[in-house]
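Report on the structure
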Amino acid sequence: EETPKTDSETSEGVPATVILYEGTYFAEEVYKMAADLGDGIYCEIDISNITDTSFDFTVYEVNESEETRSMIFKTHTAGFQGDGTTAVYNGKEYTLNFSFTNGHGSLPHVTEIVVTGFAPLEGEVYLNNNVPGHEFG
């Protein structure tokens, strides 16, 4: 017979098996703009308050031509899930899934994030080129 989990067991989450860094993960669109291919409007994800099982995130829209950075998804907490290589935020209106991809060969250090579940973030890879030992330009 399986013992039901207590609230504390279910809310603790899964330990991360990736190493996430605080700071801003910016849309790959930034590199397209540098090559005059982008429209100058992109999103950034600020990562903070990282624990063994979760992290906080805030989403901003940046408009280069207007020089603005506007919050479009206020700060919430995502928890690591599964084998600790993905995370999810289950909100009332949105469920955001975070995948930590390995396009720069940096895993377990996270330099790339792909997010689904919130249209402004979809279809982009979010990069952090300030991860120690994994800087790129």
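A quick note: this is a predicted structure, and the numbers were derived from the prediction, not measured. (Residues numbered from 1 in each chain as written. Predicted model: local features only at pLDDT ≥ 70, side-chain atom pairs only at ≥ 80, totals over all residues. Heavy atoms only, no water.)

Structural notes on the overall build of the chain
Along the backbone of the chain there are 2 helices and 8 strands. Secondary structure elements of the chain occur, N-terminal to C-terminal, as α-β-α-β-β-β-β-β-β-β. In the chain, which comprises 137 residues, the share counted as buried stands at 36%. Across the chain, the fraction of contacts at a sequence separation of at least 24, relative to all contacts at a separation of at least 6, is 40%. Surface summary for the chain: the accessible area is close to 7800 Å², and the carbon and sulfur share equals 47%. (Helix = DSSP H or I, 4+ residues; strand = E, 2+ residues; numbered from the N terminus. Buried < 20%, exposed > 50% of the residue type's maximum accessible area, 1.4 Å probe, protein only. Contact = heavy atoms within 4.5 Å. Areas by Shrake-Rupley, 256 points an atom, 1.4 Å probe, with all protein chains shown as cover.)

Details of the pattern of salt bridges
Here the structure, examined in full by the defined rule, presents 2 salt bridges. Its salt-bridge partner being Glu-44, residue Arg-69 comes within 2.6 Å of it at the nearest N-O pair. In this pair, Arg-69 is assigned in strand β4 (residues 68-81) and Glu-44 in strand β2 (residues 41-48), connecting sequence segments 25 residues apart. Judged by relative accessible area, which is 38%, Arg-69 ranks as partly exposed. For Glu-44, a relative accessible area of 12% corresponds to the buried category. Its salt-bridge partner being Asp-46, residue Arg-69 comes within 2.7 Å of it at the nearest N-O pair. Placement of Arg-69 in strand β4 and of Asp-46 in strand β2 is noted, with a sequence separation of 23 residues between them. (Salt bridge = Lys/Arg side-chain N within 4 Å of Asp/Glu carboxyl O.)

A few points about the nonpolar core
Ranked by internal contacts, the top residues of the largest apolar core, which has 28 residues, are Phe-55, Phe-57, Phe-98, Phe-100 and Ile-113. Of all the secondary structure elements, the ones that give two or more residues to this core are β1 (23-27), β2, β3 (54-63), β4, β5 (86-90), β6 (95-99) and β7 (112-116). Sequence-distant contacts of Phe-100, defined by excluding residues within four places in its chain, comprise Val-18, Leu-20, Phe-55, Phe-80, Thr-85, Thr-86, Ala-87, Leu-107, Val-110, Glu-112 and Ile-113. (Core = buried A, V, L, I, M, F, W, Y, C linked by side-chain atoms within 4.5 Å.)

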